[in-house]
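# A look at the structure
So you can see what is in the structure, the chains are spelled out below.
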Amino acid sequence: MSPPADTNRSAVLADPPEGMRVFDRHSVRRHRERAAAGFAGHGFLFDEVAARLADRLDDVRREFATILDIGARGGVMARALAARGGDAPAALGDKSTVVIHSDLAPSLLAGLPRAVVADPEALPFAGGFDLVASCLDLHWVNDLPGALVQIRRALRPDGLFLAAIFGGDTLSELREAWLAAEIEVEGGASPRISPFADGRDAGALLQRAGFALPVIDTDRITVTYADPIALMRDLRGMGETNAVALRRRTATRRATLFRAAEIYGERFADADGRIRATFEIVTMTGWAPHADQQKPLKPGSAAFKLAEALNGEPDQSARSQ
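Now for a description of the structure that goes with this document. Just so it is clear, the structure is predicted and the values come from calculations on it, not from any experiment.

Parameters and conventions
Residues numbered from 1 in each chain as written. Predicted model: local features only at pLDDT ≥ 70, side-chain atom pairs only at ≥ 80, totals over all residues. Heavy atoms only, no water. Helix = DSSP H or I, 4+ residues; strand = E, 2+ residues; numbered from the N terminus. Buried < 20%, exposed > 50% of the residue type's maximum accessible area, 1.4 Å probe, protein only. Contact = heavy atoms within 4.5 Å. Areas by Shrake-Rupley, 256 points an atom, 1.4 Å probe, with all protein chains shown as cover. Expected span 1.5 Å × (residues − 1). Pairing = 2+ DSSP bridges. Axes fitted to C-alpha atoms, helices over the stretch in contact; angles between N-to-C directions. Parallel < 35°, antiparallel > 145°, perpendicular 65-115°, else oblique. Salt bridge = Lys/Arg side-chain N within 4 Å of Asp/Glu carboxyl O. Left-handed = near helix turned anticlockwise from the far one by under 90°. Nonpolar A, V, L, I, M, F, W, Y, C, P; charged D, E, K, R; others polar. Core = buried A, V, L, I, M, F, W, Y, C linked by side-chain atoms within 4.5 Å. Polar contact = N/O pair within 3.5 Å; in protein donor to acceptor, adjacent residues only side chain to side chain.

### A look at the overall build of the protein chain
Helix and strand counts for the protein chain stand at 9 helices and 7 strands. Per-residue burial over the protein chain gives 50% buried out of 321 residues. Expressed as a percentage of contacts within the protein chain between residues at least 6 apart in sequence, the contacts between residues at least 24 apart total 81%. Working note: accessible area of the protein chain is about 15,700 Å², and carbon and sulfur atoms make up 51% of it.

As structure tokens, this is what we get:
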């Protein structure tokens, strides 16, 4: 794989498979373009998650000469990797490392070297990367299994995939407040918060996409705000506003907005009056298959019975056959 040197501004959005159009990807790109100018003032969550992803490399004893950053958002992930320095266990950030930045929104690539406007559902790469990293981007794809297959194909054999996406409990408070307000004020509800992936399913998706040694874990980050309007303003500044394909296209009623804010404060405010917002982070790690990788043991091949291991006194005469 020979990484492109210049920004490609001609990327076309992929058409999702029949029946899989959950998100309006054109709206996703518009939201990011709108947020690009002020993203640095609202991107604290991306900075935090990118730093946590970079920390995952502490246990990886290798160098990554070629890196693909999916969902660059102005270089958040690349900066977190570079901050580790050349003395880190996984050497990154030296002059020999080549990082390809990709994003759906051209404005979020402004000023970045080796930038490619690309849709994760139609990646313009076919192998060659030592590491593919993605910070809070892939929860917006319609065909996540298909995107994971393309990512695996973009890796060299034994290359690493490291990503974080929002999980199902993300913004659960806001979802509940909007639902209650719309039912009360308008007599019905429309999709307001994006459906997010269930962390319990992510491992199966990695295996389905052909990754070896998949590891999934979840974490929660709780952020407090003065009021729900401040939270919504931050989401807009992140480019994370509603892009569900079946969302209501008419303007939000002021009465519904104010009632949602009231319900949010009533149900999810702390003693100091500040409201809580939960972000569930699902971290995915997987490797492109390689013959030298560790293989899981076959069922029934254990040397000792589980009960013996738990008791700490294996019976040498009772080995499993």
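### A look at helix H2 (residues 44-55)
With 12 residues, H2 extends 17 Å from end C-alpha to end C-alpha; this agrees with the ideal 16 Å at 1.5 Å per step. Elements that come into contact with the buried residues of H2 comprise helix H3 (76-82), strand S4 (129-135), strand S5 (155-166), strand S6 (212-225), helix H7 (228-238) and strand S7 (275-287).

### A closer look at the sheet that holds S7
The strands making up a sheet are joined through hydrogen bonds of the backbone, oriented either antiparallel or parallel. In spatial order, the strands read S3-S2-S1-S4-S5-S7-S6; together these 7 strands make up an open sheet with mixed pairing. In this open sheet, the two strands that pair with only one neighbour each are strand S3 (115-117) and S6. Averaged over all neighbouring strand pairs, the angle between strand axes comes to 15 degrees, with direction disregarded. Bridging between strand S1 (residues 66-70) and S4 involves 4 bridges; their strand directions are parallel. By the bridge assignment, Ile 67 is partnered in S4 with Leu 131.

### A look at the pairing of S5
Judged by how many residues are buried, S5 sits mostly within the fold: 10 of 12 residues are covered. As defined by bridge partners, S4 adjoins S5 across 6 bridges and the pair is classed as parallel. In the sheet register, Ser 134 faces S5, and the bridge partner there is Ala 163. Sheet topology places S5 next to S7; 7 bridges connect them, and they run antiparallel.

### A few points about the pairing of S1
Taken across its 5 residues, S1 has 5 buried, putting it largely inside the fold. Of the two faces of S1, the one holding Thr 66, Leu 68 and Ile 70 and the one holding Ile 67 and Asp 69 are both buried throughout. For S1 and strand S2 (residues 98-103), the ladder comprises 5 bridges, and the chain directions are parallel. Looking at the pairing, Leu 68 lines up with Ile 100 of S2.

### Focus: the packing of H7 against helix H8 (residues 254-268)
Their axes nearest at 9 Å, the elements H7 and H8 cross at an angle of 110 degrees. Considering the angle they form, H7 stands roughly perpendicular to H8. On the side of H7, the interface is formed by Pro 228, Ile 229, Leu 231 and Met 232, while H8 contributes Leu 257, Ala 261 and Tyr 264.

### A word on the pattern of salt bridges
Inspection of the entire model under this criterion finds 16 salt bridges. Residue Arg 32 is joined to Asp 103 by a salt bridge in which the shortest nitrogen-to-oxygen separation is 3.2 Å. Residue Arg 32 is found in helix H1 (residues 25-36), and its partner Asp 103 is found in strand S2; the two are separated by 71 residues along the sequence. Side by side, Arg 32 and Asp 103 carry an identical accessibility label, which is buried. As a salt-bridge pair, Asp 270 and Arg 276 come within 2.6 Å of each other at their nearest N and O atoms. One salt-bridge network, held together by shared partners, links Glu 184, Arg 259, Glu 262 and Glu 266.

### Things to note about the packing of helix H4 (residues 144-154) against helix H6 (residues 199-208)
In contact at an axis separation of 9 Å, H4 and H6 are set at 50 degrees when each is read in the N-to-C sense. Accordingly, the angle class assigned to the pair H4 and H6 is oblique. Here H4 and H6 pass one another in a crossing that is right-handed. Where H4 abuts H6, its residues Leu 144, Pro 145 and Leu 148 lie against Leu 205, Leu 206 and Arg 208. When the residues that make up the contact of H4 with H6 are grouped by side-chain class, the tally is 5 nonpolar, no polar and 1 charged.

### Re the nonpolar core
One finds Leu 136, Leu 231 and Phe 279 to be the most contacted residues of the largest nonpolar core, which totals 52 residues. Among the elements that take part in this core, H2 stands out by supplying 6 residues, more than any other. Not counting chain neighbours up to four residues away, the residues in contact with Leu 136 comprise Leu 45, Phe 46, Val 49, Arg 73, Ala 164, Ile 165, Phe 166, Glu 240 and Ile 281. Counting 29 residues, the second-largest nonpolar core is a separate cluster that includes Leu 123, Val 141, Leu 206 and Met 284.

### Re H7
For H7, the buried fraction is high: 8 of the 11 residues fall into the buried class. Looking at the buried side of H7, the elements it contacts are H1, H2, helix H5 (172-186), S6, H8 and S7. Backbone nitrogen of Ile 229 and a side-chain oxygen of the N-cap are separated by 3.0 Å at the start of H7; the cap is Asp 227. Backbone geometry just after H7 places Gly 239 at a positive phi near 80 degrees.

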